[in-house]
Amino acid sequence: ALAACTPAPSPEPPPPLTRPAEAAAPEIEAPPAPDPEAERMVKWWASHPSVLAFDPAHQTGRWFDAAFHLADREQLAAGLEAKKYTPPRGSLTLVATTSPGVEQPRLRYYTIEDTGFLPAPKHFVPASTVKLMASISALWTLSKLGLTGDARLSFKDIDGRFSGSVYSLYKDALLHSSNRNYNRLIEIAGFDETNTRYVTAEYGLPVMAIQSRYGPENRGYGLRVSPTIHYKEGELEGEIPKRKGEWKSEACRGNCTTLFELQDILRRVMLHDELPASARFPLARVDLERIQALLLEARNRLQPSPDRAFGESVEVYNSVGRIPGRVLLENSYLRAPESGRRIFLALSLRFVRDHDPKPELVEMTRELLDIMLVEARAPRGPGLQLDAGDGLELAMRRASDGDTLLWAHAPADAVDDIAAWSANTPLEPLAEFTVEGTRHQLWRLDPSAQSAPLIAIARDAEGHELAYRMRWRSFEPVRPRELD
């Protein structure tokens with residue numbers, strides 16, 4: 001009964017109601033401070049929305065024309081005037097200096113008026129100076145068969161029968177100026193092959209044509225027909241079939257060229273190992289070294305002027321020509337081993353009243369070298385080489401009103417400065433800024449300089465050149481004219 005009277009225990013109160021914890025509000029980052037460099041870039045970008053394309057062929061296909069635009073036409077003339085020296089009437093002149101570039105030598109050209117680049121049929125024929133290119137052309141054709149100058153050939157042509165090595169042919173042509181063996185070298189190369197594949201604008205030789213047979217056995221035969229040629233070198237043996245050339249030139253009736261083209265062929269031979277592969281002739285090492293040795297051994301008509309001007313013993317590599325009573329030609333590479341200084345010199349002097357101009361050649365060489373070496377004139381412009389180096393990009397952008405910019409950019413961690421030229425005229429930067437690790441520089445382009453080459457060079461903080469670029473806005477080829 002007592003148990004029945006005991007009250008039941010009170011139930012435990014329910015746990016208190018709790019509200020779930022609210023998620024912490026995310027911290028709002030303060031907006032980044034405006035990047036004034038980026039804002040400036042965006043403004044330039046927006047104000048010049050149209051992207052313009054460069055002319056696509058900006059390398060060797062424009063080499064002759066770039067050299068023509070970049071050549072200095074003032075310093076030689078001014079130097080000779082200051083020395084009170086007047087070049088012989090009708091002479092043609094081209095001097096080139098070398099300096100370190102980006103991954104290759106940089107060339108700077110000096111001429112009097114346009115004489116280094118323009119053919120003058122009345123006063124200038126290349127004579128034996130084309131025999132260097134004839135030798136290269138023959139070796140070029142044979143290289144496609146895996147052959148070198150050691151290959152032994154046998155054939156019969158208008159000059160008679162030949163059986164011997166290719167080396168014996170080009171040695172006689174370069175060292176003794178053999179006309180017969182020059183003819184045979186072009187027959188080996190092939191008339192069409194030479195004039196449509198080797199001496200072409202795409203290879204930097206827009207004027208050159210090799211069509212004339214040299215020597216008394218001409219008979220109007222020309223060089224168009226190449227005989228069947230049997231060859232053997234090691235295990236390689238076979239025949240090159242008879243060929244007949246069909247190519248015709250509208251501008252040239254014989255052998256035509258310019259001093260620049262002759263000099264550039266010599267440049268590619270003598271600087272072979274320093275040039276990019278695209279600028280090299282396809283010469284086997286044995287033939288390259290033999291040709292260089294033959295040019296050093298060839299006739300040297302310039303001394304004592306080079307030794308006196310350089311102030312040391314100078315090696316003179318020569319590819320020369322002469323037509324008695326008409327013209328004397330010199331195409332030389334001058335190298336001073338002690339100082340390392342190098343100069344290319346190409347000259348053409350006319351005979352006047354059958355007077356041999358050799359003394360004038362020596363005197364003019366001395367005067368020109370004095371200007372280039374002794375007076376140490378400051379070079380103008382950027383100089384010429386092929387594109388090289390990494391990271392430098394160029395673009396063109398245009399505003400609605402036609403205002404056009406050259407826009408360059410490169411990695412900011414490597415590049416401190418980018419310089420630009422239109423031909424030899426330096427461009428003044430409009431703006432420069434660094435955005436997200438990239439350095440940008442802008443220049444305004446002169447609308448009147450449409451076909452001049454645009455060149456940009458990127459440098460590091462110590463002035464070392466890291467990259468070189470050449471582009472063309474639009475391209476108009478140089479039109480060679482006859483000199484008065």
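Here, the structure is the one placed above.
Since we're looking at a predicted model, the values are computed, not measured. (Residues numbered from 1 in each chain as written. Predicted model: local features only at pLDDT ≥ 70, side-chain atom pairs only at ≥ 80, totals over all residues. Heavy atoms only, no water.)

Caption draft 1: Quick peek at the overall build of the protein chain. In terms of regular secondary structure, the protein chain is built from twelve helices and 20 strands. Burial statistics for the protein chain: of 484 residues in total, 53% are counted as buried. If you take every contact in the protein chain between residues at least 6 apart in sequence, the share linking residues at least 24 apart comes to 70%. When the accessible surface of the protein chain is totalled, it reaches about 23,400 Å², and 51% of it is carbon and sulfur. (Helix = DSSP H or I, 4+ residues; strand = E, 2+ residues; numbered from the N terminus. Buried < 20%, exposed > 50% of the residue type's maximum accessible area, 1.4 Å probe, protein only. Contact = heavy atoms within 4.5 Å. Areas by Shrake-Rupley, 256 points an atom, 1.4 Å probe, with all protein chains shown as cover.)

Caption draft 2: Representation of unusual backbone geometry in the model. Cis peptide bonds are those with omega within 30 degrees of zero, and the linkage from glutamine 303 to proline 304 qualifies with 10 degrees. Mapped onto the elements of the fold, proline 304 is located in the loop between α10 (285-297) and α11 (305-310). Its identity is not glycine, yet lysine 84 carries a phi of approximately 55 degrees, on the positive side. Tracing the chain through its elements places lysine 84 in the loop between α4 (75-82) and β2 (92-100). Look at glutamate 103: it is not a glycine, yet its phi comes out positive at around 65 degrees.

Caption draft 3: Molecular detail of the pattern of salt bridges. One pass over the full model with this rule turns up 29 salt bridges. Put simply, glutamate 193 and lysine 144 hold a salt bridge, and the shortest N to O gap is 2.3 Å. Taken as a pair, glutamate 193 in helix α8 (residues 191-198) and lysine 144 in the loop between α5 (131-143) and β4 (152-157) lie far apart in primary sequence, 49 residues in all. Its relative accessible area of 22% is what places glutamate 193 among the partly exposed residues. Through salt bridges that share partners, Lys83, Arg366, Glu367 and Asp370 make up one connected network. (Salt bridge = Lys/Arg side-chain N within 4 Å of Asp/Glu carboxyl O.)

Caption draft 4: Up close: the packing of aromatic side chains. Per the counting criterion, the structure on display carries 18 aromatic pairs. Look at phenylalanine 68 and phenylalanine 117: their rings are 5.6 Å apart centre to centre, the planes differ by 90 degrees, and that puts the pair in the edge-to-face class. Of this pair, phenylalanine 68 sits in helix α3 (residues 63-70) while phenylalanine 117 is found in the loop between β3 (105-111) and α5, placing the two residues 49 residues apart along the sequence. For the pair shown, phenylalanine 68 and phenylalanine 117 are each scored as buried. Taking 5.6 Å as the distance between ring centres and 45 degrees as the angle between the ring planes, the aromatic pair formed by tyrosine 317 and tyrosine 333 counts as tilted. Pair noted here: tyrosine 317 is in strand β10 (residues 315-323) and tyrosine 333 is in strand β11 (residues 327-335), with a separation of 16 residues, a long-range link. On the basis of relative accessible area, tyrosine 333 is assigned to the buried category, the value being 2%. Aromatic ring contacts, followed pair by pair, group Phe64, Phe68, Tyr109, Phe117 and Phe260 into a single cluster. The ring of phenylalanine 68 carries arginine 73 above its face, with NZ or CZ at 4.6 Å from the centroid. Between arginine 290 and the ring centre of tyrosine 167, over which it is positioned, the NZ or CZ distance is 4.4 Å. (Phe/Tyr/Trp six-rings, centres within 6.5 Å; stacked < 30°, edge-to-face > 60°. Lys NZ or Arg CZ within 6 Å of the ring centre and 35° of its normal.)

Caption draft 5: The packing of α5 against helix α7 (residues 179-189), seen in detail. Taken N-terminus to C-terminus, the directions of α5 and α7 make an angle of 35 degrees; their axes are 8 Å apart at the nearest point. α5 and α7 meet at a crossing whose hand is left-handed. Side by side, α5 and α7 meet where Lys131, Ala134, Ser135, Ser137, Ala138, Thr141 and Leu142 of the first sit next to Asn179, Tyr182, Leu185, Ile186, Ile188 and Ala189 of the second. Its residues placed into classes, the contact of α5 with α7 shows eight nonpolar, four polar and one charged. (Axes fitted to C-alpha atoms, helices over the stretch in contact; angles between N-to-C directions. Left-handed = near helix turned anticlockwise from the far one by under 90°. Nonpolar A, V, L, I, M, F, W, Y, C, P; charged D, E, K, R; others polar.)

Caption draft 6: Representation of the packing of helix α6 (residues 166-175) against α10 within the structure. At a minimum axis distance of 9 Å, the contact between α6 and α10 shows a crossing angle of 25 degrees. Judged by the angle between their axes, α6 and α10 are roughly parallel. Like other packed secondary-structure pairs, α6 and α10 cross with a definite hand, here right-handed. Here Tyr167, Tyr170, Lys171, Leu174 and Leu175 of α6 come into contact with α10, specifically with Asp287, Arg290, Ile291, Leu294 and Glu297. Class assignment of the residues belonging to the contact of α6 with α10 gives a composition of six nonpolar, no polar and four charged. (Parallel < 35°, antiparallel > 145°, perpendicular 65-115°, else oblique.)

Caption draft 7: Summary view of α8. Considered for burial, the residues of α8 that qualify are Phe191, Thr194, Asn195 and Tyr198. Buried residues in α8, looked at end-on, bunch into an arc of 120 degrees, giving them a common side. Buried positions along α8 lie against α5, α7 and β6 (225-226). (Arc of directions from axis to C-beta.)

Caption draft 8: Spatial organisation of the sheet that holds strand β17 (residues 429-435). Across the sheet, which stays open at both edges, the five strands sit in the order β1-β13-β14-β18-β17 with antiparallel pairing between neighbours. Bordering the open sheet on either side are β1 (50-52) and β17, each of which pairs with just one other strand. Neighbouring strand axes in the sheet, compared pairwise and without regard to direction, differ in orientation by 30 degrees on average. Sheet topology places strand β13 (residues 393-398) next to strand β14 (residues 404-411); six bridges connect them, and they run antiparallel. The residue bridging alanine 395 from the neighbouring strand is tryptophan 407, located in β14. Along the sheet, helix α2 (residues 36-47) makes contact with β13, β14, β17 and β18 (438-444), crossing β17 at roughly 130 degrees. (Pairing = 2+ DSSP bridges.)

Caption draft 9: View of the environment of serine 339. Tracing the chain through its elements places serine 339 in the loop between β11 and β12 (342-350). Its relative accessible area of 40% is what places serine 339 among the partly exposed residues. C-alpha separation for the pair serine 339 and glycine 311, spaced 28 residues apart in sequence, amounts to 9.7 Å. Separated by 2.7 Å, the side chains of serine 339 and glutamate 312 make a polar contact. Within polar-contact distance, the side chain of serine 339 engages the backbone nitrogen of arginine 341 at 3.3 Å. (Polar contact = N/O pair within 3.5 Å; in protein donor to acceptor, adjacent residues only side chain to side chain.)

Caption draft 10: Region of the structure containing the state of the cysteines. Evaluation of the coordinates by the stated rule reveals one disulfide. A sulfur-sulfur separation of 2.0 Å characterises the disulfide bridge that pairs cysteine 252 with cysteine 256. Between cysteine 252 and cysteine 256, the disulfide has an S-S torsion of 90 degrees and is therefore right-handed. (Disulfide = S-S within 2.5 Å.)

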